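Examination of the molecular architecture
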Amino acid sequence: MNSSYLLETSSLGLDYGAFSAVGNVDLKIRKGSIHTVIGPNGAGKTSLFHCLTGERKPTRGSIHFNGENLTSLAAHKRVSKGMSRSFQITSLFQNLSVRENLRIAAQGRDGLNALKFWVPETANKANVAKADEVLERIKLEKYADRQAGELSHGQQRVLEVGMALCGSPSLLLLDEPTSGMGVDDIPIMTGLISELGKDHTVMLIEHNMRLVMSISDRITVMHQGNILIEGSPEEVKGDEQVKKAYLGESGHE
Amino acid sequence: MNKKTSIFGGVTIIALALMVLMPILLPSVTLATEILIFALAALACNLLLGYTGLLSFGQGIFFGGGAYSASLVMLHLNFGLISALITAILVGALLALIVGALAIRRTGIYFVMLTLSFSQMAYFLAYTFSDWTGGDNGLLDVPRPALTLFGMTISDLQSSEAFYIFVAAVFAIVFVFSRRVIHSPFGTTLVAIRENEGRSSAVGFSTNHFKLVAFVISGAITGLAGALYAMLLNFAPLSNVELLMSENILIMTIIGGTSSLIGSILGAGSIVLMGDLLSSIWPRWMMILGAVLIAVVLFLPGGLWGGILSLTSKFPWKKVKTNVTSEVTK
Amino acid sequence: MNLYLFQVVNGIGLGMIYFLISVGLSIIFGLLNFVNFAHGAFYLLGAYLSYTAVSITGNYWLALIIAPLCIAFFAWVCERTLIKRVYHLPHMYQILVTLGVALIIQELCISIWGPIGKSISPPDSLKGVIAIGEFYYPQYRLFVIAFAAVVALLVWYLLDKTKFGALVRAGSEDAETVSLLGTHTHRLFSITFALGVGLAGLAGVLAAPIKGIHPFVGPEVLGIAFVVVVIGGMGSFTGALVGGLLVGIVQSVMSTLWPQGASLMIYAAMALVILVRPYGLFGRA
């Protein structure tokens with residue numbers, strides 16, 4: 001096992017009955033890189049993502065993270081291993097303040113220690129500090145005391161990533177971070193992710209090609225459940241197979 | 001907000017004021033005692049419903065379990081007041097652990113149905129094992145032991161005033177304890193689970209553990225309430241474990257309002273008072289209760305406390321409403 | 001041996017009644033995502049209405065038709081005036097409203113028919129016993145099994161073979177589809193609610209000559225329906241049938257072996273099913 005990779009899957013696959021959503025995937029994510037998985041609809045990106053987050057149990061193959069086999073570890077236990085995720089469909093604590101959203105997300109690292117019901121919620125100063133730190137990093141300080149549900153869609157998408165950040169992850173798994181964002185907001189997300197890439201390993205699924213090409217170190221293209229090609233943005237851009245895969249999709253529609 | 005004001009200030013002061021006013025304003029001290037006992041049960045139910053989003057029809061199991069266990073240890077083992085109450089707390093917690101561990105295997109409406117079925121099961125258990133529970137007749141001659149601390153008898157608690165003061169003291173302790181629970185890492189996690197269970201799990205919480213502990217705390221408090229009720233009546237009737245008891249506790253909680261613990265006192269107060277006033281006039285008064293339930297859902301979804309808040313417009317009505325509608329099993 | 005056979009056949013009859021109750025609950029939940037906590041109360045009302053119908057007309061067969069229709073109509077009125085207002089609300093409020101309805105129905109029944117309970121006898125033509133070799137069995141109970149089986153077949157046909165059934169199933173699969181059905185959704189909802197509740201009423205009528213009519217039976221019936229649905233799986237016709245029969249037979253056989261524990265056993269069975277198969281025998285995850 002090469003220690004320059006943070007995450008390695010070998011022959012990872014996920015079947016739904018007779019249908020194989022993920023066929024046989026060897027994905028390697030280098031430490032410190034921003035690694036994007038793209039592919040036409042139905043290529044198996046989301047199913048692959050679900051296997052990595054622990055939402056689905058893979059049918060075959062293994063997932064190694066930091067040299068440790070986490071193939072069948074429950075989703076919530078992956079946080080303490082250093083994996084943290086965001087959702088494609090915004091998933092916040094809508095009626096709580098932005099700051100409380102972040103503090104609770106940070107509290108998630110405590111595991112069963114958060115069962116303490118005899119101390120004030122602010123007793124763990126590290127969680128309060130983490131929330132403040134992330135608040136600053138995602139530039140939502142002004143909205144700290146607003147209810148999350150009252151934020152604009154773009155701000156909610158940013159908070160969505162911020163909550164993943166509160167887990168102090170070594171690997172950030174972002175599921176279509178720009179999903180549903182307006183054109184004007186996308187540069188904010190682009191900036192945020194590339195800035196996070198400086199001190200995190202980031203793996204993301206994304207459709208917005210401009211964002212993908214501008215921030216990714218590596219790109220994996222998936223097609224029909226398998227990896228079509230992996231390479232730098234330039235290599236992927238010029239690849240004929242990739243063009244065919246995408247054209248094939250639109251040809252069907 | 002510093003931590004002193006968060007658990008001893010605000011609504012805690014309102015709760016204390018209510019405890020002082022009730023025996024003065026109400027027709028009898030016993031009635032006030034009954035209200036506080038049911039307020040305990042409603043408060044425990046609120047921890048599950050309002051703060052965790054778990055709608056449990058199993059509260060009667062813990063209430064009846066507390067009543068039976070405290071009565072049995074007092075009758076057969078000569079337990080004193082405090083040790084009998086502690087027994088009830090432990091039995092309530094244990095029953096909640098069992099029911100909770102099974103019920104939280106399912107979510108949403110299945111969870112609700114499971115708690116209801118367990119409630120029925122507990123009733124048939126109590127009915128079947130009548131050697132222990134007295135069956136239909138209930139457990140008779142339940143004593144009300146004297147309050148002794150460190151070998152000193154503080155009060156024999158025989159007068160209804162003395163017992164009220166004791167119950168009020170217990171209630172005050174539980175109220176402050178519950179405020180602490182709500183404003184703890186645990187309590188805030190419960191709210192997170194209520195708001196969005198999927199996200200709570202994604203940020204690292206093992207949500208079932210939290211739900212289970214919430215259940216245990218709720219069961220412990222409900223068991224305590226059941227024991228106090230048996231001491232008040234000198235009697236532990238089978239109706240304690242009937243489904244109707246679970247329903248009543250739920251109704252009190254929801255009518256009072258689930259956005260605050262104060263709501264539980266209001267809910268218990270209004271239902272107990274309604275029962276007391278109406279049942280003597282019209283035996284079918286539960287029909288009115290049914291109508292009130294429907295009316296609350298249609299016109300006052302925040303419950304009584306939500307209504308009061310909106311009247312005093314301390315909070316805009318909209319905010320109360322959104323808080324409440326989110327507190328639900330999906 | 002004959003005793004056990006007798007109890008098993010009894011259990012099938014009981015199970016068919018439980019099926020009628022549960023399948024209504026299940027269909028309503030499937031389509032409307034709505035839990036009817038008044039289901040047991042409608043069963044009760046059905047039983048009482050049949051009592052009055054029999055007392056007035058002296059004809060059980062008339063009661064068997066009129067009472068369930070009245071219940072279905074009543075349910076339809078309830079749906080149009082009250083239930084439809086809470087579809088969009090969270091389950092907690094739906095439960096509260098139907099709990100309120102259940103309380104009102106129960107108390108209404110007591111005011112009208114008294115707190116003691118009533119009994120009605122089976123029609124004269126079904127009063128005797130039937131002999132199959134060595135085995136004697138009350139005619140009425142056999143009739144209940146046959147009649148309920150016919151109703152079950154009709155319900156199955158309705159759900160599986162008709163346009164109405166297709167709409168109900170489509171709606172159960174995906175709530176979005178229902179909203180695409182356009183202006184007739186509210187009618188579909190009302191009819192489904194009336195049908196499901198009507199079946200509970202029918203169960204009440206069928207059970208009355210066997211079990212008598214007790215004003216506080218509503219919560220018990222509701223509890224059993226929940227057990228059946230938890231065992232069988234919510235929204236599943238087969239689940240309601242198998243679950244109903246299972247619960248009926250277990251309860252009936254246990255009543256010979258351990259009378260006091262008969263009711264207890266079905267709840268224990270339910271707990272067991274949850275432990276082994278959390279989604280029920282026929283439920284989907």
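Residues numbered from 1 in each chain as written. Chains lettered and ligands numbered in written order. Predicted model: local features only at pLDDT ≥ 70, side-chain atom pairs only at ≥ 80, totals over all residues.

1. So, the overall build of chain A
- When helices and strands are counted, chain A shows 9 helices and 11 strands.
- For a compact globule of 253 residues, the expected C-alpha radius of gyration is about 18 Å, and chain A comes in at 18 Å, within 12% of that figure.
- Expressed as lengths along the three principal axes of its C-alpha atoms, the size of chain A is roughly 55 × 40 × 35 Å.
- Relative to its full complement of 253 residues, chain A shows a buried share of 46%.
- Summarising the internal contacts of chain A: among those between residues at least 6 apart in sequence, 67% fall at separations of at least 24. (Helix = DSSP H or I, 4+ residues; strand = E, 2+ residues; numbered from the N terminus. Rg over C-alpha atoms; globule rule 2.2 N^0.38 Å. Buried ≥ 20, exposed ≤ 12 C-beta atoms within 10 Å, placed from the backbone. Contact = placed C-beta atoms within 7 Å.)

2. Notes on the interface of chain C and chain B
- On the chain B side, the residues contacting the 37 residues of chain C number 35 residues.
- Of all elements in the fold, only α4 (91-113), α9 (218-232) and α11 (262-276) of chain C reach the threshold of two or more residues within the side of chain C that touches chain B.
- The element contributing the most residues to the side of chain C that touches chain B is α4(C), with 15 residues.
- In terms of residue class, the side of chain C that touches chain B is made up of 27 nonpolar, 7 polar and 3 charged. (Nonpolar A, V, L, I, M, F, W, Y, C, P; charged D, E, K, R; others polar.)

3. Some details on the UniProt feature "transmembrane region" (unreviewed entry) in chain C
All names here are of chain C.
- UniProt's feature table lists "transmembrane region" (unreviewed entry) at residues 12-32, 37-54, 60-83, 95-116, 140-159, 188-210, 222-250 and 262-282, given in the numbering used throughout.
- Here residues 12-32 runs as 100% helix and 0% strand, with 29 Å between its end C-alpha atoms.
- Secondary structure content for residues 95-116 is 86% helix and 0% strand, and the end C-alpha separation is 28 Å. (UniProt positions renumbered as here; feature names shortened; annotations may be inferred.)

4. Structural notes on the arrangement of the chains
- Looking at the 2 pairs of chains with contacts, the pair that accumulates the most is chains B and C.
- There is a gap between chain A and chain C: no contact, and a shortest C-alpha distance of 13 Å.

5. A closer look at the domain arrangement of chain A
All names here are of chain A.
- Domain annotation of chain A identifies domain 1 (1-77 + 217-253) and domain 2 (82-200).
- Each of domain 1 and domain 2 has a C-alpha centre, and these two points are 25 Å apart.
- Listed as interface residues are 8 residues of domain 1 and, on the opposing side, 9 residues of domain 2.
- Counting only elements with at least two residues in the side of domain 1 that touches domain 2, the list comes to β1 (5-16) and α1 (45-53).
- Among the elements that take part in the side of domain 1 that touches domain 2, α1 stands out by supplying 3 residues, more than any other. (Domains from an automatic or database assignment.)

6. Description of the interface of chain A and chain B
- On the chain B side, the residues contacting the 30 residues of chain A number 27 residues.
- At the level of elements, α2 (78-81) and α3 (98-107) of chain A are the ones that each hand at least two residues to the side of chain A that touches chain B.
- Among the elements that take part in the side of chain A that touches chain B, α3(A) stands out by supplying 3 residues, more than any other.

7. A look at unusual backbone geometry
Residue and element names in this part refer to chain A.
- Despite not being glycine, Asn 66 shows a phi value in the positive range, around 55 degrees.
- Note that Asn 66 resides in the loop between β5 (60-65) and β6 (68-69).
- The class for Asn 66 is partly exposed, based on 17 C-beta atoms found within 10 Å.
- Backbone geometry places Glu 176, a non-glycine residue, at a positive phi of 45 degrees.
- Within the element layout of this structure, Glu 176 appears in the loop between β8 (171-175) and α6 (186-196).

8. Notes on the confidence of the model for chain C
All names here are of chain C.
- Confidence in the prediction of chain C, expressed as mean pLDDT, is 87, and 95% of residues score 70 or more.
- The least confident element of chain C, judged by mean pLDDT, is helix α7 (residues 175-180) at 64; the most confident is helix α2 (residues 39-57) at 94.
- Interface scoring of the predicted complex returns ipTM 0.88; its pTM is 0.88. (pLDDT = per-residue confidence, 0-100.)

9. Remarks on the pairing of strand β2 (residues 135-138) of chain C
- As paired strands, strand β1 (residues 129-132) of chain C and β2(C) are joined by 4 bridges and run antiparallel to one another. Pairing of Ile130(C) across the sheet is with Tyr137(C), part of β2(C). (Pairing = 2+ DSSP bridges.)

10. Some thoughts on the sheet that holds strand β11 (residues 226-231) of chain A
Residues and elements named next belong to chain A.
- Taken in spatial order, the 6 strands make up an open sheet running β7-β8-β9-β4-β10-β11, and their pairing is mixed. Sheet topology places β7 (83-85) and β11 at the edges, where each strand pairs with a single neighbour. Adjacent strand axes in the sheet meet at a mean angle of 20 degrees when their direction is disregarded.
- Looking at chain direction, β8 and strand β9 (residues 201-205) are connected through 5 bridges and run parallel. Of the residues in β9, the one forming a bridge with Leu 174 is Leu 204. (Axes fitted to C-alpha atoms, helices over the stretch in contact; angles between N-to-C directions.)

11. A word on α3(A)
- Counted residue by residue, α3(A) has 10 buried out of 10 residues, so it is predominantly covered.
- Listing the buried residues of α3(A) in full gives Val98(A), Arg99(A), Glu100(A), Asn101(A), Leu102(A), Arg103(A), Ile104(A), Ala105(A), Ala106(A) and Gln107(A).
- Each element contacted by the buried residues of α3(A) is listed here: α4 (125-137) and α5 (153-165) of chain A together with α9 (185-195) of chain B.

12. Section: the pairing of strand β10 (residues 218-223) of chain A
All names here are of chain A.
- The buried fraction of β10 amounts to 5 of the 6 residues, a majority that puts the element mostly inside the structure.
- For strand β4 (residues 34-38) and β10, the ladder comprises 4 bridges, and the chain directions are parallel. Looking at β10, one finds that Thr 36 is bridged to Ile 219.
- Looking at chain direction, β10 and β11 are connected through 5 bridges and run antiparallel. Bridging across to β11, Met 222 finds its partner in Ile 227.
- Hairpin geometry of β10 and β11 is characterised by an intervening segment of 2 residues between the two adjacent antiparallel strands and by a positive phi of about 50 degrees at Gln 224.

13. Notes on the packing of helix α12 (residues 243-256) of chain B against helix α15 (residues 303-311) of chain B
All names here are of chain B.
- Contact geometry for α12 and α15: axes closest at 3 Å, N-to-C directions at 10 degrees. It follows from the interaxial angle that α12 and α15 lie roughly parallel. Residue-level inspection shows Ile 254, Ile 255 and Gly 256 of α12 in contact with α15, the latter providing Gly 303, Leu 304 and Trp 305.
- Residues that form the contact of α12 with α15 fall into these classes: 4 nonpolar, 2 polar and no charged. (Parallel < 35°, antiparallel > 145°, perpendicular 65-115°, else oblique.)

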